[in-house]
There are 2 protein chains.
Amino acid sequence: MSNFIRTLKTKVLLGDGAMGTMLAALGLPPGQSPELWMPEHPETIKKIHQAYLEAGSEVIQTNTFGANAIKLKEYHASSLVREINIKAAKLAKEVAGTKAFVAGIVGPSGHFPAPLGDISWTELVEVFAEQVQALAEGGADFIFLETFSDLGEARAALYAAKQYTSLPVACSLTYTKGRTLTGTTPEVAAVVLEAMGADLVGANCSTGPEELLEVMAAYRKATNLPLLVEPNAGMPEFIAGKTVYKLSPEIMARYVEPFRQLGVNLIGACCGSTPEHIKAMSQAFVSREPVWPSPRTFPTRLASRTQVVSLGTSELPLMIGERINPTARKTIAEAFRQENWPLLNEEARNQVKAGALALDLNVGVPGLDEGHLLAQGVQHLQLALDVPLVLDCTRPEALEKGLQEYQGKALINSVNGEEGSLNSILPLARKYGAAVIGLTLDERGIPEKAEERLAIAEKIVRRAQEYDIAKEDVVIDCLVLTAATSPGIAMETVRAIQLVKERLGVSTVLGVSNVSHGLPQRSWLNSTFLALALGAGLDGAIVNPLDTRVGETVASAALLTGRDPGAQNYLVRSGKTAPIVEERKDPGSTNKEPSLETL
Amino acid sequence: MSNFIRTLKTKVLLGDGAMGTMLAALGLPPGQSPELWMPEHPETIKKIHQAYLEAGSEVIQTNTFGANAIKLKEYHASSLVREINIKAAKLAKEVAGTKAFVAGIVGPSGHFPAPLGDISWTELVEVFAEQVQALAEGGADFIFLETFSDLGEARAALYAAKQYTSLPVACSLTYTKGRTLTGTTPEVAAVVLEAMGADLVGANCSTGPEELLEVMAAYRKATNLPLLVEPNAGMPEFIAGKTVYKLSPEIMARYVEPFRQLGVNLIGACCGSTPEHIKAMSQAFVSREPVWPSPRTFPTRLASRTQVVSLGTSELPLMIGERINPTARKTIAEAFRQENWPLLNEEARNQVKAGALALDLNVGVPGLDEGHLLAQGVQHLQLALDVPLVLDCTRPEALEKGLQEYQGKALINSVNGEEGSLNSILPLARKYGAAVIGLTLDERGIPEKAEERLAIAEKIVRRAQEYDIAKEDVVIDCLVLTAATSPGIAMETVRAIQLVKERLGVSTVLGVSNVSHGLPQRSWLNSTFLALALGAGLDGAIVNPLDTRVGETVASAALLTGRDPGAQNYLVRSGKTAPIVEERKDPGSTNKEPSLETL
Ligand SMILES: [Zn+2]
Ligand SMILES: [Zn+2]
Ligand SMILES: [Zn+2]
């Protein structure tokens, strides 16, 4: 554990404030890049760092917010990325010495990744990798990704920071009315960024401290990670053509204790703040003791860019739509062949309307490029829908393409107990922050006995943990064979689910429909078997949501197994109560006013 | 154990043959009652007994076939019952000495019990009680009820023999084409008579030995009790106004070993046989070693007069129709008030058409005579339908009336763990040969925890065994409360079922519909909960069969839990295969030619 993280665990740290206003006051001409101006004015930069250090800052931010190749290209200076970032880190380090930590600042590229924007995952990762490596080389104590307004871009930056440095990484988004520009909530951000390996998450900039209280409370509810907050000095106001922030040092200081009480571990300030603000904040602490939440474990959480869904013993059973799968459906195979995304989106939407809370995406058509289709499918479906995706693919190269494009926390379907599978799939789950379904089969096939399936599940969970994948991110599928060939064997699956739940305590999921393969009235068998599996503790089911009996069974079993206290979900499904639907946030259609970093 | 039964266990005994032909040859005038002729010709009777004894008979039958009050009334001699039976037993005993056992013969009254005939249960029991008591007083070693063609009458005679003597009781019906006159199969007879306490069951008279081979094989399949067979000397033929039996002693003798091999323990002969037949049969034994079936346990078996249905781990789950219950249905309450049996029969038939294999009969309408209605309901429904009845009544006096009228093996619904209930209901189950549902509640109500319900179930099973009720005749209902008030509690019932199955090994049944009381879409919850309960090992469910989803769930769960090997039942229910329906035997409409005892 780095010294920075170790310190954070025992002491709430005070960050610094804005650099832009200070630079302008000290001679930066309007319209000039602060980063390009720096090399010729190192003492001015150090003076600002020094002022914050003296005001009480324990974290000094490098002057590198726009020091990435894309931003610097606007000044025809993209070749200077490495030099500038090393320089900026060194300047900050010279001032900070051992008295403060240096945050290697990384801001957004100004472009959204595809499909919202025009930039590819690979390009984004390359751009951020170049910057973070230089910051590390220059001596930054941690990488601080800040003021991101799109989770997809933040995720790419975080990936670069984790893959190309060994520094801790803080990741901070900016919020208006509780969402980022492209619809992400603090809960979603916490789930996705933690899965990707963030060491510290939080919010900065935004509309000032007042609104971020709620945001930070939501973060604290969603993660055990250390949190950070660096609000603007109030709402930006445009007065006489200039952006003005009106909150005084005294008023900013009033929020320090509330943030600490909420469990924030690094408190600083953003646009409009000065060393006076930091000084007032420094004096406002009643204690530096971190307020940690009482120990919690979380269920398995999946996320799209806009929604978190959970799988676990205390959650409603998760219905995962199985219908985007060309294996048994010719129209789907044909749609992939023609890349008919409107049809596939429609297929997806219909499943969600019927109650699916996540969608399985299988693009495996013989002869077609699975990696290309998976990446395309992920892009299209995540744009069209709010529900998280399950990437149904066992070829590592293809799967990786899909995972790169997925801007949430995906569920991989699947790894199994074979060495080849474990060694290729688990590293991808770790790198791309995905949960993973583990099938209880191995080199010898699907064992008949529940105990043998448990043993494979145990191995998968152990191996996943060796890859630093959290236990709650392993979801076991005990597999069911068709009841047509050996009827009683289906109960072995039910028993396996029960054993896996009891002994391993991990979440379980099951592809249900196979049980009725080759038999008439499949809906009867699917729903009855689903009830049996849910009774044994099954947490999620990959099913056909258009078969209404299946959804009715899920709602009924949820109630009967105590997962629906107050019968709220059941009453909604049975039409007795109107659903409380969270409004769909269309990316780009709401929160239209970005709080752009204007330092 | 009596000396007779003890002997039977180790040695196949040879019975005797006909008395009628012998009496005629020795002077009995045509048209005269053999029993009334006897007191004045004791030496003739003894001579016949002696002839059989010398031929090898080890069981000598008293000359009392028609010596009951109803038969003797035809000769205005019903006051002589006691005297004649005592006398006949003594005569047989004098000959038999210690060389043979004396069978106290009881034949049918010649009248069917209501509703097929005109005679009441009480009258029948009184008539047979008088006869069997006298036979016992005269020294018979066991009571031998023979040549009964109606199970209801045999059941009344058996009841009288068990209640009014302490002798072993053998019970033998007469068959044509595998059924008695009123539609009973050997399997049904075995189940009902064994439940009523018969010590020995079998067939006599009928069409001769050939057809009885199959009948005895069916008996042996259905019971572990000792078996008896006493066939006529062939098919009765009417030649020149006389009934003639053509099988020679040599031919009759050929069947001795086949019967022994089938597991028959007492082999004799009926109409048309003579001491020569017995002598030939005596010489035909290769061995006297009884052939016992390998040890078997049976599932819980219920029976109407014409059908056996089973409940148990290896059986298809039994769907019991719940709809004849006035508690929540005004039309049913009104039908009972008006004794509108056509409507109630229709309600019953609709449930059977929908797949119910047994029907619950609850007649509890406040202000009406429950005993009267239960007796009437039993009479009407058992006449209209083939499926066994579940008598849903907890008031012992009323229940007893229903049990008396029921000519099969009923299922009592119910006893519970309260002392008052155990002490009043269990003796009725024993006396009337019924299985009994034990509810897991007691003085303190329904316990919350599965373990506590198991404890009550354990107590009920133990107490039933103290009352000499077989373990397989106790069926536990673990009870479910509505999920509306405390959702998760339903799983406690599922757990209780599992515990009861595992620890006690008894059959289980459940009134399912209560789980959805007060909730919308009850069918969803009922069928889902049913699946959960069936998964835990539930053997039967009291449900609304007109809710097709329930029946579909039963068929599906049967397949999935391995109770439907080959999916035969599932394919029938799903319409893929035509059902193999056993033809409905209308009592009185088939097997019209009774093989009347014409000795
Ligand atoms: Zn800002
Ligand atoms: Zn006969
Ligand atoms: Zn006879």
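Every residue gets a number counted from 1 within its own chain, in the order that chain's sequence is written. Numbering of ligands from 1 and lettering of chains from A proceed in the order in which they are written. At least 70 in pLDDT is required for a residue's local features to be given in this predicted model, at least 80 for side-chain atom pairs to be given and counted, and no such filter applies to totals for whole chains, interfaces and linings, which use all residues. The basis for the side-chain values is all heavy atoms of the structure; hydrogens and waters are excluded.

## Regarding the overall build of chain A
1) Next: On a plain count of helices and strands, chain A comes out with 23 helices and 20 strands.
2) Next: In terms of principal-axis extent, the alpha carbons of chain A reach across some 80 × 50 × 45 Å.
3) Next: We call a residue buried when its accessible area falls under 20% of the maximum for its residue type, exposed when it is over 50%, and partly exposed in between, using a 1.4 Å probe and counting protein chains only. Evaluated residue by residue, chain A yields a buried proportion of 62% over its 599 residues.
4) Next: Across chain A, the fraction of contacts at a sequence separation of at least 24, relative to all contacts at a separation of at least 6, is 76%.
5) Next: Carbon and sulfur atoms provide 52% of the accessible area of chain A, an area that totals close to 22000 Å².
6) Next: Taken together, the 56 basic and 68 acidic charged side chains of chain A have centroids lying 3 Å from each other. A run of H or I in DSSP becomes a helix once it reaches four residues, and a run of E becomes a strand once it reaches two; helices and strands are each numbered from the N terminus. Should any heavy atoms of two residues lie within 4.5 Å, those residues are considered in contact. To measure how exposed things are, a 1.4 Å probe is used in the Shrake-Rupley method; for residues, cover is taken only from the protein chains shown. Neither His nor the chain ends is counted toward charge; the positive residues are Lys and Arg and the negative residues Asp and Glu. The atom standing in for a charge is NZ when the residue is Lys, CZ when it is Arg, CG when it is Asp and CD when it is Glu.

## A look at the interface of chain A and chain B
1) Next: Tallying the contact residues gives 32 residues for chain A and 32 residues for chain B.
2) Next: Taken together, both faces of the contact between chain A and chain B bury some 2800 Å²; the carbon and sulfur share is 74%.
3) Next: Note on definitions: buried area is the accessible-area loss of two parts on being combined, 1.4 Å probe, summed for both. Looking at the side of chain A facing chain B, the largest losses of area belong to Trp524(A), Leu560(A) and Tyr570(A), adding up to 24% of the total buried there.
4) Next: Note that Glu552(B) and Arg549(A) form a salt bridge whose closest N and O atoms lie 2.5 Å from each other. One side-chain nitrogen of Lys or Arg within 4 Å of one carboxyl oxygen of Asp or Glu is enough to make a salt bridge.

## Focus on the relation of the copies chain A and chain B
1) Next: When the copies are superposed, the least-squares fit draws on C-alpha atoms of residues that have pLDDT of at least 70 in both. With an axial shift of 0.0 Å and an RMSD of 0.1 Å, the rotation relating chain A to chain B amounts to 180 degrees. Such values leave the two copies arranged in the relation of a two-fold axis. Considering only C-alpha atoms, the part of chain A nearest the rotation axis is Leu532(A), at 2.6 Å.
2) Next: Most of the interface of chain A is mirrored in chain B: 100% of its interface residues are interface residues there too.

## Notes on the coordination of the zinc ion (ligand 2)
Residue and element names in this part refer to chain B.
1) Next: Those protein atoms acting as donors to the zinc ion (ligand 2) are Cys205 (SG), Asn232 (OD1), Cys270 (SG) and Cys271 (SG), and they sit at 2.1 to 2.4 Å.
2) Next: Any nitrogen, oxygen or sulfur atom within 2.8 Å of a metal ion counts as a donor, with the limit raised to 3.2 Å for Na, K and Ca, and since water is left out, coordination shells can look unfinished. The sequence pattern describing where the donors of the zinc ion (ligand 2) fall on their chain is C-x26-N-x37-C-C.
3) Next: Separating the zinc ion (ligand 2) from the zinc ion (ligand 3) is a gap of 3.8 Å, bridged by Cys270, which donates to each. Of this pair, Cys205 sits in strand 6 (residues 200–205) while Cys270 sits in the loop between strand 10 (266–267) and helix 13 (275–284); the two residues are 65 residues apart in sequence, bridging distant segments of the chain.

## Considerations on the sheet that holds strand 14 (residues 358–361) of chain B
Residue and element names in this part refer to chain B.
1) Next: Taken in spatial order, the eight strands close into a barrel running 13-14-15-16-17-18-19-20, and their pairing is parallel. Pairwise comparison of adjacent strand axes, ignoring direction, gives a mean angle of 30 degrees for this sheet.
2) Next: Pairing between strand 17 (residues 435–439) and strand 18 (residues 474–477): four bridges, direction parallel. Each residue of the ladder has a partner; that of Val436, found in strand 18, is Val474. Two strands make a pair as long as DSSP finds a minimum of two bridges between them. Structural elements are reduced to axes, namely lines fitted to C-alpha atoms, with helices fitted over the stretch in contact, and the angle between N-to-C directions of any two is expressed from 0 to 180 degrees.

## Considerations on the pairing of strand 9 (residues 242–245) of chain A
Both faces of the sheet carry side chains from a regular strand, because those side chains alternate between them.
Residue and element names in this part refer to chain A.
1) Next: Taken together, the four bridges between strand 8 (residues 236–239) and strand 9 define a ladder with antiparallel strand orientation. Bridge assignment links Glu237 to a residue of strand 9, and that residue is Val244.
2) Next: Counted between consecutive antiparallel strands, the loop separating strand 8 from strand 9 contains two residues, among which Ala240 sits at a positive phi close to 50 degrees.

## Topic: the nonpolar core
1) Next: We define the nonpolar core as a collection of buried residues of types Ala, Val, Leu, Ile, Met, Phe, Trp, Tyr and Cys that are connected through side-chain atoms lying within 4.5 Å of one another. Judged by nonpolar contacts, the single largest core of 180 residues is most densely connected at Tyr219(A), Phe336(A) and Phe529(A).
2) Next: Residues contacting Tyr219(A), with those up to four places away along its chain left out, are Leu173(A), Tyr175(A), Pro186(A), Ala189(A), Ala190(A), Val201(A), Gly202(A), Ala203(A) and Leu227(A).
3) Next: Residues Ala567(A), Ala18(B), Ile332(B) and Leu525(B) belong to the second largest nonpolar core, which totals 179 residues.

## A look at the sheet that holds strand 20 (residues 540–543) of chain A
Residues and elements named next belong to chain A.
1) Next: The strand order 13-14-15-16-17-18-19-20 describes a closed barrel built from eight strands, whose pairing is parallel. Put simply, the sheet's adjacent strands are angled 30 degrees from each other on average, direction ignored.
2) Next: Here helix 15 (residues 341–353) sits on the sheet and contacts strand 13 (318–324) and strand 14 (358–361); the angle it forms with strand 13, its principal contact strand, is near 150 degrees.

## Focus: the pattern of salt bridges
All names here are of chain A.
1) Next: All chains considered together, the criterion is met by 52 salt bridges over all chains.
2) Next: Close ionic contact of Asp141 with Lys93 constitutes a salt bridge, the shortest N to O distance being 3.1 Å. On the criterion of sequence distance, the pair formed by Asp141 in the loop between helix 7 (121–138) and strand 4 (142–148) and Lys93 in helix 6 (residues 81–96) is long-range, its members being 48 residues apart.
3) Next: Overall, the relative accessible area of 30% leaves Lys93 in the partly exposed class.

## Here we look at the pairing of strand 14 of chain B
All names here are of chain B.
1) Next: Burial along strand 14 is two-sided: Ala358 and Asp360 and Leu359 and Leu361, pointing in opposite directions, are all buried.
2) Next: When strand 13 (residues 318–324) meets strand 14, the two strands line up parallel, connected through three bridges. Looking across to strand 14, one finds that Ile320 is bridged to Ala358.
3) Next: In terms of strand pairing, strand 14 meets strand 15 (residues 389–392) through three bridges, oriented parallel. When the sheet's bridge partners are listed, Leu361 is paired in strand 15 with Leu391.
4) Next: When the strands point away from the viewer and the connection leading from the first strand across the helix to the second strand turns clockwise, the crossover is called right-handed. Between strand 14 and its parallel partner strand 15, the chain crosses via helix 16 (residues 370–384), and the hand of that crossover is right-handed.

## Regarding the confidence of the model for chain A
1) Next: Here chain A shows a mean pLDDT of 94. Residues at 70 or above account for 96%.
2) Next: One confidence number per residue, pLDDT, is output by the predictor and ranges from 0 to 100. Within the model, pLDDT remains below 50 along residues 580–599 of chain A, and this stretch shows 40 contacts once partners closer than five positions in the same chain are excluded.

## Quick notes on the side chain of Thr300(B)
Residue and element names in this part refer to chain B.
1) Next: With respect to the helices and strands, Thr300 occurs in strand 11 (residues 300–303).
2) Next: Take Thr300: its relative accessible area is 1%, and that puts it in the buried class.
3) Next: Side chain to side chain, Thr300 and Ser507 meet in a polar contact 2.7 Å long.
4) Next: Not counting the four nearest positions on each side in its chain, Thr300 is found in contact with Val309, Ser310, Leu311, Ala435, Glu472, Val475 and Ser507. For this analysis, a polar contact is any N or O atom pair within 3.5 Å, provided that within protein one partner can donate a hydrogen and the other can accept it, and provided that sequence-adjacent residues contribute only side-chain to side-chain pairs.

## Regarding the packing of helix 21 (residues 522–535) of chain A against helix 22 (residues 548–560) of chain B
1) Next: Between helix 21 of chain A and helix 22 of chain B, the shortest axis-to-axis distance is 9 Å and the interhelical angle comes to 70 degrees. Here helix 21 of chain A is positioned roughly perpendicular relative to helix 22 of chain B, judged by the angle of their axes. When you trace helix 21 of chain A past helix 22 of chain B, the crossing you get is right-handed. On helix 22 of chain B, the residues that touch Trp524(A), Leu525(A), Thr528(A), Phe529(A) and Leu532(A) of helix 21 of chain A are Glu552(B), Thr553(B), Ser556(B), Ala557(B), Leu559(B) and Leu560(B).
2) Next: Gly is placed with the polar residues, together with every amino acid not listed as nonpolar (Ala, Val, Leu, Ile, Met, Phe, Trp, Tyr, Cys and Pro) or charged (Asp, Glu, Lys and Arg). Of the residues contributing to the contact of helix 21 of chain A with helix 22 of chain B, the split by class is seven nonpolar, three polar and one charged. Angles below 35 degrees are treated as roughly parallel, those above 145 as roughly antiparallel, those between 65 and 115 as roughly perpendicular, and all remaining angles as oblique. When the near helix sits turned anticlockwise from the far one by under a right angle, the crossing is termed left-handed; a clockwise turn instead gives a right-handed crossing.

## A word on the environment of Glu347(A)
Residues and elements named next belong to chain A.
1) Next: Note on placement: Glu347 falls in helix 15.
2) Next: Placed 216 residues apart in sequence, Glu347 and Gln131 show a C-alpha to C-alpha distance of 41 Å.
3) Next: The residues contacting Glu347, other than those within four sequence positions of it, are Arg323, Ile324, Arg329 and Ile332.
4) Next: Only 3.3 Å separates the side chain of Glu347 from the side chain of Arg329, close enough to count as a polar contact.

## Observations concerning the packing of aromatic side chains
1) Next: Side-chain rings of Phe, Tyr and Trp, where Trp is taken by its six-membered ring, are said to pair if the distance between their centres is within 6.5 Å; with planes under 30 degrees apart they count as stacked, over 60 as edge-to-face, and otherwise as tilted. Counted under the stated rule, the structure contains 22 aromatic pairs over all chains.
2) Next: Their ring planes at 40 degrees and their centres at 6.5 Å tell us that Tyr255(A) and Phe259(A) sit as a pair that is tilted.
3) Next: Residue Tyr255(A) is classed as buried on the basis of its relative accessible area of 16%.
4) Next: Ring centres of Phe4(B) and Phe101(B) lie 5.2 Å apart, and the angle between their planes is 65 degrees; on these two criteria the pair is classed as edge-to-face. Here Phe101(B) lies in strand 3 (residues 101–106) and Phe4(B) lies in helix 1 (residues 3–10), a separation of 97 residues in the sequence.
5) Next: For Phe4(B), a relative accessible area of 2% corresponds to the buried category.
6) Next: The class of Phe101(B) is buried, set by a relative accessible area of 12%.
7) Next: Directly above the aromatic system of Phe298(A) lies the positively charged group of Arg301(A), at a separation of 4.0 Å from the ring centroid. Only when the NZ of Lys or the CZ of Arg is both within 6 Å of the ring centre and within 35 degrees of the ring normal is a charge said to sit over the ring.

## Some thoughts on the environment of Arg462(A)
1) Next: Within the element layout of this structure, Arg462(A) appears in helix 19 (residues 450–466).
2) Next: Considering only alpha carbons, one finds Arg462(A) and Asp360(A), 102 residues apart in sequence, at a separation of 25 Å.

## A closer look at the domain arrangement of chain A
Residues and elements named next belong to chain A.
1) Next: These domain boundaries are the output of an automatic or database domain assignment. Each assigned domain of chain A is listed with its residue range as follows: domain 1 (3–24 + 35–284) and domain 2 (300–573).
2) Next: Facing 24 residues of domain 1, the contacting portion of domain 2 comprises 21 residues.
3) Next: When domain 1 packs against domain 2, close to 1900 Å² is buried across both sides, 54% of that on carbon and sulfur atoms.
4) Next: For domain 1, the biggest contributors to the area lost against domain 2 are Pro115, Trp121 and Arg155; these three give 27% of the whole.
5) Next: Elements with a contribution of two residues or more to the side of domain 1 that touches domain 2: helix 8 (151–164) and helix 9 (186–195).
6) Next: Here the side of domain 1 that touches domain 2 takes six residues from helix 9, the largest share from any one element.
7) Next: Classifying every residue of the side of domain 1 that touches domain 2 by side-chain character gives 13 nonpolar, six polar and five charged.

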